[in-house]
Amino acid sequence: MVASGIDKFTARKQSRGAARGILGNALATEMLYTTSLKNWQHIIKMRASEAADAEIRVVFNEVYELLSNRWPEMFVGWSTSPCKDGMGYEVKGP
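This section reports on the structure supplied with the text. A quick note: this is a predicted structure, and the numbers were derived from the prediction, not measured. (Residues numbered from 1 in each chain as written. Predicted model: local features only at pLDDT ≥ 70, side-chain atom pairs only at ≥ 80, totals over all residues. Heavy atoms only, no water.)

1. Notes on the pairing of strand 1 (residues 79-82)
Taken together, the four bridges between strand 1 and strand 2 (residues 89-92) define a ladder with antiparallel strand orientation. What sits directly across from Pro-82, in strand 2, is Tyr-89. Counting the residues between successive antiparallel strands, the hairpin from strand 1 to strand 2 contains six residues, one of them, Gly-86, with a positive phi of roughly 85 degrees. (Pairing = 2+ DSSP bridges. Helix = DSSP H or I, 4+ residues; strand = E, 2+ residues; numbered from the N terminus.)

2. Some words on the side chain of Ser-68
Mapping Ser-68 onto the fold places it in helix 3 (residues 54-70). Relative accessible area serves as the criterion here: at 13%, Ser-68 is assigned to the buried category. For Ser-68, the side chain forms a polar contact with the main-chain oxygen of Tyr-64, separated by 2.8 Å. A polar contact of 3.4 Å, which involves the side chain of Ser-68, links it to the backbone oxygen of Glu-65. (Buried < 20%, exposed > 50% of the residue type's maximum accessible area, 1.4 Å probe, protein only. Polar contact = N/O pair within 3.5 Å; in protein donor to acceptor, adjacent residues only side chain to side chain.)

3. Focus on the environment of Val-59
Within the fold, Val-59 resides in helix 3. Spatially, the C-alpha atoms of Val-59 and Ala-48 are 8.2 Å apart, while their sequence positions differ by eleven residues.

4. With respect to the packing of helix 2 (residues 37-47) against helix 3
With their axes 9 Å apart at the nearest point, helix 2 and helix 3 run at an angle of 145 degrees to one another. In the crossing of helix 2 with helix 3, the sense of the turn from one axis to the other is left-handed. Residues Leu-37, Trp-40, Ile-43, Ile-44 and Arg-47 of helix 2 pack against Ile-56, Arg-57, Phe-60, Val-63, Tyr-64 and Leu-67 of helix 3. Here the residues of the contact of helix 2 with helix 3 are counted per class, giving nine nonpolar, no polar and two charged. (Axes fitted to C-alpha atoms, helices over the stretch in contact; angles between N-to-C directions. Left-handed = near helix turned anticlockwise from the far one by under 90°. Contact = heavy atoms within 4.5 Å. Nonpolar A, V, L, I, M, F, W, Y, C, P; charged D, E, K, R; others polar.)

5. Side note on the side chain of Glu-90
Along the chain, Glu-90 turns up in strand 2. One buried charged side chain, Glu-90, makes no salt bridge at all; its nearest oppositely charged neighbour is Lys-92, positioned 4.0 Å away. At 3.3 Å, the side chain of Glu-90 and the backbone nitrogen of Glu-50 are in polar contact. Sequence-distant contacts of Glu-90, defined by excluding residues within four places in its chain, comprise Ala-48, Ser-49, Glu-50, Ser-79, Thr-80, Ser-81 and Cys-83. (Lys, Arg positive; Asp, Glu negative; His and termini not counted. Salt bridge = Lys/Arg side-chain N within 4 Å of Asp/Glu carboxyl O.)

What follows is the structure in structure tokens.
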């Protein structure tokens with residue numbers, strides 16, 4: 001376990017992602033998704049979790065905000081908590 005409370009595997013994955021951003025391999029990408037709200041819920045649970053790369057987590061925190069504001073009835077019982085690495089928050093669904 002790393003001093004910040006993040007396991008070694010997650011820390012290694014996050015440091016590689018950060019290095020790609022600094023070294024110039026990160027490029028802006030436009031994405032278009034068409035899916036059901038049920039599928040969005042699944043994607044948010046995976047991509048806004050503590051184990052997700054910090055950059056992806058922050059993007060899906062915004063996706064969660066957009067969708068939960070537009071369709072609050074689909075996100076009843078969901079909760080958020082700050083991530084240990086200080087980047088965004090973890091979204092948990094029922």
